[in-house]
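# Residue-level structural notes
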Amino acid sequence: MKEQMNKGITLIALVITIIVLLILAGVSIATLTGDNGILNNANKASEETKKANAKEQVQIAVTGSREVDKIINNDELKVNLEKIDKITGVPYSITSASYPLTVAVDGYEVTIKKDGTVVEGRWSPGEADENGIFTKPSTIDGEIASSTNPTIPAGFKPIDTDTAKWKDEDGNIVVQENVENGMVIQDKVGNQYVWIPVDGLMGKNEKTNTNASKGEIILGRYVFNDNGTINEELTPDTLEEDLKTSKSSGVKYTEDYSNLRSFFDSVEKYGGFYIARYEATSGTEVKVGSQYGEQVWKNIKQGDAQSACENLYETVHSDLMNSYAWDTALLFIQKQSTGYSIKQSVNDIDDGLLTTGESGDVQCNIYDLASNCYEWTTEIYDGSRCVRRGDAYSDKELCCANTRHEEGNTTMNDSISFRAILYL
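Okay, so let's go over this structure.

Conventions and cut-offs
Residues numbered from 1 in each chain as written. Predicted model: local features only at pLDDT ≥ 70, side-chain atom pairs only at ≥ 80, totals over all residues. Heavy atoms only, no water. Helix = DSSP H or I, 4+ residues; strand = E, 2+ residues; numbered from the N terminus. Buried < 20%, exposed > 50% of the residue type's maximum accessible area, 1.4 Å probe, protein only. Contact = heavy atoms within 4.5 Å. Areas by Shrake-Rupley, 256 points an atom, 1.4 Å probe, with all protein chains shown as cover. Patch = residues over 30% accessible without salt bridge, like charges linked within 9 Å, V, L, I, M, F, W, Y side chains within 5 Å. Salt bridge = Lys/Arg side-chain N within 4 Å of Asp/Glu carboxyl O. Lys, Arg positive; Asp, Glu negative; His and termini not counted. Charge placed at Lys NZ, Arg CZ, Asp CG, Glu CD. Pairing = 2+ DSSP bridges. Core = buried A, V, L, I, M, F, W, Y, C linked by side-chain atoms within 4.5 Å. Phe/Tyr/Trp six-rings, centres within 6.5 Å; stacked < 30°, edge-to-face > 60°. Lys NZ or Arg CZ within 6 Å of the ring centre and 35° of its normal. Axes fitted to C-alpha atoms, helices over the stretch in contact; angles between N-to-C directions.

### A word on the overall build of the protein
From N to C terminus, the protein includes eight helices and 25 strands. Out of the 424 residues belonging to the protein, those deemed buried represent 47%. For the protein, contacts bridging at least 24 residues in sequence account for 56% of all contacts bridging at least 6. Working note: accessible area of the protein is about 21,000 Å², and carbon and sulfur atoms make up 49% of it.

### Looking at a negative patch on the surface
Among the surface-exposed residues, Glu67, Asp69, Asp75 and Glu76 lie close enough to one another that they form a single negatively charged patch. With respect to the helices and strands, the residue Glu76 is situated in helix H3 (residues 74-82). Given the relative accessible area of 36%, Glu76 is considered partly exposed.

### A closer look at the sheet that holds strand S3 (residues 108-112)
On the basis of which strands lie adjacent, the open sheet formed by four strands has the order S1-S2-S3-S4 and antiparallel pairing. In this open sheet, the two strands that pair with only one neighbour each are strand S1 (87-88) and strand S4 (118-120). Sheet topology places S3 next to S4; three bridges connect them, and they run antiparallel. Residue Val110 lies in a different strand from S4, and its bridge partner there is Glu120.

### A closer look at the nonpolar core
In summary, soluble globular proteins display a tendency toward joint burial of nonpolar side chains. Core analysis: the largest hydrophobic core is formed by 39 residues, its most contacted members being Leu219, Phe263 and Phe273. Looking at this core, the elements with two or more residues in it are strand S11 (192-197), strand S13 (218-219), helix H6 (257-270), strand S15 (272-276), helix H8 (323-336) and strand S25 (420-423). Considering every element that reaches this core, the biggest residue donor is H8, with eight residues. Contact partners of Leu219, with chain neighbours within four places excluded, come to Val198, Gly200, Leu201, Met202, Leu239, Phe263, Phe264, Val267, Phe273, Tyr324 and Thr328. Of all hydrophobic cores here, the second largest spans 33 residues; its members include Tyr270, Trp297, Leu320 and Ala392.

### Notes on the packing of aromatic side chains
Per the stated rule, a full pass over the model turns up 13 aromatic pairs. Centre to centre, the rings of Phe263 and Phe273 are 5.4 Å apart; their planes meet at 65°, and the pair counts as edge-to-face. Remark: Phe273 occurs in strand S15 and Phe263 occurs in helix H6; sequence separation between them is ten residues. As far as burial versus exposure is concerned, Phe263 and Phe273 are alike and both buried. A ring pair is formed by Phe264 and Tyr324, whose centres lie 5.0 Å apart and whose planes are at 80°; its orientation type is edge-to-face. Of this pair, Phe264 sits in helix H6 while Tyr324 sits in helix H8, and the two are 60 residues apart along the sequence. Taking relative accessible area as the criterion, Phe264 reaches 5% and is therefore assigned buried. Among the aromatic side chains, those forming a connected cluster through ring pairs are Phe263, Phe264, Phe273, Tyr324 and Tyr423. The residue whose ring lies beneath Arg221 is Tyr324, and the NZ or CZ to ring-centre distance is 5.6 Å. Sitting over the ring of Tyr253, Arg404 keeps its end group 5.6 Å from the ring centre.

### Re the pattern of salt bridges
A pair can form between side chains of opposite charge whenever their charged atoms are brought close. In the structure shown here, the tally under the stated rule is 14 salt bridges. For Arg221, the salt bridge is made with Glu379, and the minimal N-O distance between the two is 2.5 Å. Placement of Arg221 in the loop between S13 and strand S14 (253-254) and of Glu379 in strand S21 (residues 374-381) is noted, with a sequence separation of 158 residues between them. Taking relative accessible area as the criterion, Arg221 reaches 2% and is therefore assigned buried. We classify Glu379 as buried; its relative accessible area is 0%. Lys298 is paired through a salt bridge with Asp414; the nearest N and O atoms lie 3.9 Å apart. Of this pair, Lys298 sits in the loop between strand S17 (288-289) and helix H7 (302-309) while Asp414 sits in the loop between strand S23 (404-407) and strand S24 (416-417); the two residues are 116 residues apart in sequence, bridging distant segments of the chain. Residue Lys298 is classed as partly exposed on the basis of its relative accessible area, which comes to 32%. One connected set of salt bridges, linked through shared partners, spans Arg221, Asp327, Glu379, Arg389 and Arg404.

### Considerations on a nonpolar patch on the surface
Together, Ile12, Ile16, Val20, Leu21 and Leu24 give the surface a local cluster of nonpolar side chains, amounting to about 470 Å² of exposed area. Inspection of the secondary structure assignment puts Ile12 in helix H1 (residues 2-33). We classify Ile12 as exposed; its relative accessible area is 53%.

### Structural notes on the sheet that holds S15
Reading across the sheet, the six strands line up as S7-S10-S11-S15-S25-S18 and stay open at both edges, with antiparallel pairing between neighbours. In this open sheet, the two edge strands, each paired with only one partner strand, are strand S7 (156-158) and strand S18 (317-320). Ignoring which end each strand starts from, the neighbouring axes of this sheet average 30° apart. When strand S10 (residues 184-187) meets S11, the two strands line up antiparallel, connected through three bridges. Bridged to Ile185 within S11 is Tyr193. Here H7 sits on the sheet and contacts S18 and S25; the angle it forms with S18, its principal contact strand, is near 170°. Relative to S11, H8 is tilted by about 75°, and along the sheet it contacts S11, S15 and S25.

Function cannot be read off these values alone, since they describe shape.
Written out as structure tokens, the structure reads:
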């Protein structure tokens, strides 16, 4: 009996030992092969090391391609990238349109942003559909919006450089490559708008018309001299201030500031706004069109033009051009084309009214601020009269891009059109 009991204890110990060994084996296997196992972690560490190595090699290539002014030399970048072992995806030529540029080193993707920032993986400025239309507001390069890193509203896309070409006055082809040249966005039916970058708002953060005279693009209302420079004496130093175009004038130009405050806030937050690339045309899906080679929308009262420009899109605010947008757009253009504010219409009564974009008046991808038609704005003169801006084919010798004209609110004729602005 005692011998049988000893044998029983031995069997139980054996079973327990086997169970413990099985448990230990399971733990060991899990430790080696589980999600957080040694082998898995070793593989992950190896993967991360390879990713980091790929990023580091591309970063070295980018750093070695910068000029003294920190600008990337694209030709040099191509040479430096091709020196990296096991690299793929380097384009035949690298231009500003190549960014964000994604390459792969030993199969691991690395993206170079336009500012030279290098990130792991394939980077995109925003989610887009199959046609490249952004499905949510997205910046061109990175997450923080600024004047040089504009936010593109949902429902729009930046257009390719191939479709952003135009001829300058000498017949040379100019290609859109950056914000300074006039960045263009397009909605799903082809309406186009140009980004106006803004460095600050008049009267805020010590920004004055002197800053504008020195080349900064300050949102404000401006009086220009006969040579195209800013008349600092007559130009208001704050946003909510009426404007006089001469010392002797007893009548001022005004705006409804309560309606404009959301526009001011948006410009300050996002670093700019968009204006229609062309004079208004009658649209289909979007009531007011902005497309090349279309019939200009004319014979419209100022109030009707303003109503037409409101609520064009669900994803971005729209309105008729205001005096701040017009004058600031002139500042932006003059930074690239000195004296544009005094430019006269390039087409006249003999040419007649032309379709959009065909007059030849284009700077920074913006057409006909000085030509073809006068354009309604939201500005008011003498408390009731509406203000139109620019020059027209019918009065070529009388006016220029910055001219203000007073009209009754029922005026409508073949020489007056309008254009919309967009802001987030």
